[in-house]
Protein chains: 2
Amino acid sequence: MDSLTEMECVACRPGAPAATDDEVERWQQEIPDWKLVTVRDIPRLRRVFRFSNFARALAFTNIVGELAEEEGHHPRITTEWGKVTVTIWTHAIKNLHRNDFILAAKIDAGLAASNLTE
Amino acid sequence: MDSLTEMECVACRPGAPAATDDEVERWQQEIPDWKLVTVRDIPRLRRVFRFSNFARALAFTNIVGELAEEEGHHPRITTEWGKVTVTIWTHAIKNLHRNDFILAAKIDAGLAASNLTE
């Protein structure tokens, strides 16, 4: 089975299938640092990333932004001093889609490939 | 009287004076697009900026980030597709300080100097 980082986000329209409970459970194992949160009845993936200053947080925001553009799937990114909070969900279906897990996994890989937490 | 954009943020420690009601009223006139919001009992300045895509929103986030580093005063910046929400307050005093209005005015000037809303 391909890992999430080997997959690519696909165009997602209203009516596309939401992730099933089984899929959520399976995919979450590949992104253990992401929490499942529900805000305004919409399930979302969220991870808080910590950095030693503002510049590193902003640099990470740009890494996330670049991945988002590559995948054509755009999360909410909150940048603060020493902290970036990324929240991912699929607007078109107001739910979680496989795309969300793929983007989360690629963001984790993007962090690992950077030297921002050294 | 100097306009806010001609001032610079100063180091702000616990015990520094919060903006008075008169100051808030006066300074708000220089930044009419910012709303005064209170979240968790802390007054904050907030403005939502709209853009035509994600790349422009992210470019604006970087402009705000650069201004924040120059002033040594760091807001919360939430970047989404076509939208950046900036929230400013002074952590050290859990209140609004003149610094917050100065940063807001400089962010407005940064937007005006960019071509991101064309």
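Treat the numbers as computed from the prediction; the structure is a model and nothing was measured. (Residues numbered from 1 in each chain as written. Chains lettered and ligands numbered in written order. Predicted model: local features only at pLDDT ≥ 70, side-chain atom pairs only at ≥ 80, totals over all residues. Heavy atoms only, no water.)

1. Observations regarding the relation of the copies chain A and chain B
Part 1 of the argument: For these two chains of identical sequence, chain A goes onto chain B by a turn of 180 degrees and a shift of 0.0 Å along the axis, with RMSD 0.0 Å. Accordingly, the operation relating the two chain copies is best matched by a two-fold axis. Closest to the rotation axis within chain A is the C-alpha of T78 of chain A, separated from it by 2.1 Å.
Part 2 of the argument: The share of interface residues of chain A whose copies in chain B are also at the interface is 100%, consistent with both copies meeting through the same surface. (Least-squares fit on C-alpha atoms with pLDDT ≥ 70 in both. Contact = heavy atoms within 4.5 Å.)

2. Description of the interface of chain A and chain B
Part 1 of the argument: Contacts between chain A and chain B engage 16 residues on the former and 16 residues on the latter.
Part 2 of the argument: Both sides of the chain A and chain B interface together cover about 1,300 Å² of buried area, and 60% of this is carbon and sulfur.
Part 3 of the argument: Where chain A packs against chain B, one counts 2 salt bridges.
Part 4 of the argument: Between E80 of chain A and R76 of chain B there is a salt bridge, and its shortest N-O distance comes to 3.1 Å.
Part 5 of the argument: Run the count over chain A and chain B and you get 6 residue pairs in polar contact (both at pLDDT 80 or more).
Part 6 of the argument: Put simply, the parts of the chain that give the side of chain A that touches chain B at least two residues each are α2 (54-71) and β3 (76-80) of chain A.
Part 7 of the argument: When residues in the side of chain A that touches chain B are grouped by element, the largest group, 8 residues, is from α2 of chain A.
Part 8 of the argument: Its residues assigned to classes, the side of chain A that touches chain B shows 7 nonpolar, 6 polar and 3 charged.
Part 9 of the argument: Relative to strand β3 (residues 76-80) of chain B, β3 of chain A is paired through 3 bridges, and the arrangement is antiparallel. From the neighbouring strand, T78 of chain A faces β3 of chain B, where its bridge partner is T78 of chain B. (Buried area = accessible area lost by both parts, 1.4 Å probe. Salt bridge = Lys/Arg side-chain N within 4 Å of Asp/Glu carboxyl O. Polar contact = N/O pair within 3.5 Å; in protein donor to acceptor, adjacent residues only side chain to side chain. Helix = DSSP H or I, 4+ residues; strand = E, 2+ residues; numbered from the N terminus. Nonpolar A, V, L, I, M, F, W, Y, C, P; charged D, E, K, R; others polar. Pairing = 2+ DSSP bridges.)

3. Concerning the layout of surface pockets
Part 1 of the argument: Taken as a whole, the largest pocket holds about 940 Å³ of empty space.
Part 2 of the argument: In terms of lining residues, the largest pocket is bounded by 27 residues, among which R46, R76 and T78 of chain A together with R76 and T78 of chain B are the most central.
Part 3 of the argument: Of all elements in the fold, only β2 (42-50), β3 and β4 (83-88) of chain A together with β2 (42-50), β3 and β4 (83-88) of chain B reach the threshold of two or more residues within the lining of the largest pocket.
Part 4 of the argument: Its residues assigned to classes, the lining of the largest pocket comprises 6 nonpolar, 8 polar and 13 charged. (1 Å grid on protein atoms, 1.4 Å probe; cavity = no way out; pocket = protein on both sides within 12 Å on 5 of 7 lines; lining within 4 Å. Points joined across faces, edges and corners; volume = space filled by probe spheres on them.)

4. Here's the deal with the sheet that holds β3 of chain A
Part 1 of the argument: Here 8 strands make up an open sheet; going across it, the order is β1(A)-β2(A)-β4(A)-β3(A)-β3(B)-β4(B)-β2(B)-β1(B) and the pairing antiparallel. The open sheet is flanked by β1 (35-39) of chain A together with β1 (35-39) of chain B, the only strands paired with a single partner. Averaged over all pairs of adjacent strands, the angle between strand axes in this sheet comes to 25 degrees, irrespective of strand direction.
Part 2 of the argument: Strand direction decides the pairing type here: β2 of chain A and β4 of chain A, joined by 6 bridges, are antiparallel. Each bridged residue has a counterpart across the sheet, and for R46 of chain A the counterpart in β4 of chain A is T87 of chain A.
Part 3 of the argument: Sheet strands in contact with α2 of chain A are β2, β3 and β4 of chain A together with β3 of chain B, and its direction is about 165 degrees off that of β3 of chain A.
Part 4 of the argument: The sheet contacts of helix α3 (residues 98-113) of chain A involve β2 and β4 of chain A, and relative to β2 of chain A the element is tilted by about 5 degrees. (Axes fitted to C-alpha atoms, helices over the stretch in contact; angles between N-to-C directions.)

5. Details of the pattern of salt bridges
Part 1 of the argument: Tallied over the full model, the rule gives 9 salt bridges over all chains.
Part 2 of the argument: With a closest N to O distance of 3.7 Å, R47 of chain A and D33 of chain A form a salt bridge. A residue pair is termed long-range when its members are at least 10 positions apart, and R47 of chain A in strand β2 and D33 of chain A in the loop between α1 (21-28) and β1 qualify at 14 residues.
Part 3 of the argument: A salt bridge links K106 of chain B to E71 of chain B; its shortest N-O distance comes to 2.7 Å. Here K106 of chain B, found in helix α3 (residues 98-113), pairs with E71 of chain B, found in helix α2 (residues 54-71); they are 35 residues apart in sequence, far enough to count as distant. With respect to class, K106 of chain B is no different from E71 of chain B; both count as buried. (Buried < 20%, exposed > 50% of the residue type's maximum accessible area, 1.4 Å probe, protein only.)

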